[in-house]
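Below are the chains, spelled out letter by letter.
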Amino acid sequence: MAEPDPRLIELVMSLRKQGITDFKVLSAIERTPREVFVDAPFAHAAYDNTALPIACGQTISQPYVVAVSTEALDLDEKMRVLEIGTGSGYQASVLSRLCRRVYSVERHWSLHLDAGRRFKALKIDNISTRHGDGFLGWPEQAPFDRILFTAAVREIPDVVLEQLKPGGILVAPIGDVAGPDLESISQLLTKMIRTETGWKKEALIPVVFVPMLPGVPLEKRETHDGSEQR
Ligand code: SAH
């Protein structure tokens, strides 16, 4: 295998300095060329440890936040993982290297389409994508071993909670979904473990994610994996 890009090695070193210790997570990030997921004008910043704008007014998350979320999910190669908010597809690609299959839902048709193209170009074949409303989860594929929200919610909808297996882990930015400015937004990346009797919650780090928005914009609806259209 070719040597990783030196910028990726540098990124991984900075993540280690920030406290990411899970070798498998660091290695998954090292094997995921982030420049493929950012738009051309931001290519120079692809390996900076910052969030960047993508199409449709959305953002590709900061690598540190991707690393914390992925580490918190405690994945293994047998797991099926639901991601809400495909966006650029970067987070899904990192997840795909650590589990059996990722199911990722995105409400913007063009983001959904571009992410699918990127997975194909990178020869990643264990991500199924769906154009739809992530507030509904992906009931036809449930239950999942893990669920990750990459857009902020005030609370996790019950229909999605029900799609997690007992013993499963859900990670989500929970808190404000609007505010007069970014600085005033308060969200916590939260880990929720489904126990036999209820939920155990743990706050991880403060974050600023774009909000989950209901429904899908009026665009064409389709899926990449041939599953049923809604
Ligand atoms: N995981 C992405 C970043 C996601 S940004 C990455 O790695 O690049 C949040 C994404 O959630 C945006 O693409 C936004 O369009 C999407 N989103 C917002 N509300 C949604 C909803 N109700 N259902 C599905 N996706 C949603």
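Because the structure is predicted, anything quoted here is derived from the model rather than measured.

> What am I meant to see in the sheet that holds strand β3 (residues 80–84) here?
Note on sheets: strands pair through backbone hydrogen bonds, and any given pair is parallel or antiparallel. Pairing is mixed in the open sheet, where seven strands are placed in the order β5-β4-β3-β6-β7-β8-β9. Looking along the sheet, the strands with just one partner apiece sit at the ends: β5 (127–131) and β9 (199–207). Strand-to-strand twist in this sheet, taken as the mean axis angle between neighbours without regard to direction, amounts to 15 degrees. Both β3 and strand β6 (residues 144–149) contribute to a ladder of four bridges, which runs parallel. The residue bridging V81 from the neighbouring strand is R146, located in β6. Strands β6, β7 (164–175), β8 (187–194) and β9 of the sheet are contacted by helix α3 (residues 63–73), whose axis makes an angle of about 165 degrees with β9. Against the sheet, helix α5 (residues 109–121) engages β4 (101–106) and β5, with an angle of about 165 degrees to β5.

> When you look at the environment of P33 in this model, what are you seeing that I'm missing?
Its place among the elements puts P33 in the loop between α2 (23–30) and β1 (52–53). Sequence separation between P33 and L161 is 128 residues, and the spatial gap between their C-alpha atoms is 32 Å. If we skip the residues at most four places from it in the chain, P33 touches L8, Y47, R97 and L122.

> Sorry, what's going on with the site of the ligand here?
The local shell around the ligand holds 27 residues, among which S88, E106, D133, G134 and L213 are the closest. Between S88 and the ligand, the recorded distance is 2.6 Å, taken from a side-chain N or O atom to an oxygen atom. Residue G134 places a main-chain N or O atom 2.6 Å away from a nitrogen atom belonging to the ligand. Of all elements in the fold, only β2 (59–60), α4 (90–96) and β4 reach the threshold of two or more residues within the shell around the ligand.

> What exactly am I supposed to notice about the packing of aromatic side chains here?
Two descriptors summarise a pair of aromatic rings, namely the distance from one centre to the other and the angle between the planes of the rings. What the rule picks out here adds up to three aromatic pairs. Seen in terms of ring centroids, Y103 and W138 are 5.5 Å apart; in terms of plane orientation they differ by 85 degrees. Their pairing is edge-to-face. Residue Y103 is located in strand β4, and its partner W138 is located in the loop between β5 and β6; the two are separated by 35 residues in the primary sequence. Comparing Y103 with W138, the two get one shared label, buried.

Rules of the game
Residues numbered from 1 in each chain as written. Predicted model: local features only at pLDDT ≥ 70, side-chain atom pairs only at ≥ 80, totals over all residues. Heavy atoms only, no water. Pairing = 2+ DSSP bridges. Helix = DSSP H or I, 4+ residues; strand = E, 2+ residues; numbered from the N terminus. Axes fitted to C-alpha atoms, helices over the stretch in contact; angles between N-to-C directions. Contact = heavy atoms within 4.5 Å. Near = heavy atom within 4 Å. Polar contact = N/O pair within 3.5 Å; in protein donor to acceptor, adjacent residues only side chain to side chain. Phe/Tyr/Trp six-rings, centres within 6.5 Å; stacked < 30°, edge-to-face > 60°. Buried < 20%, exposed > 50% of the residue type's maximum accessible area, 1.4 Å probe, protein only.

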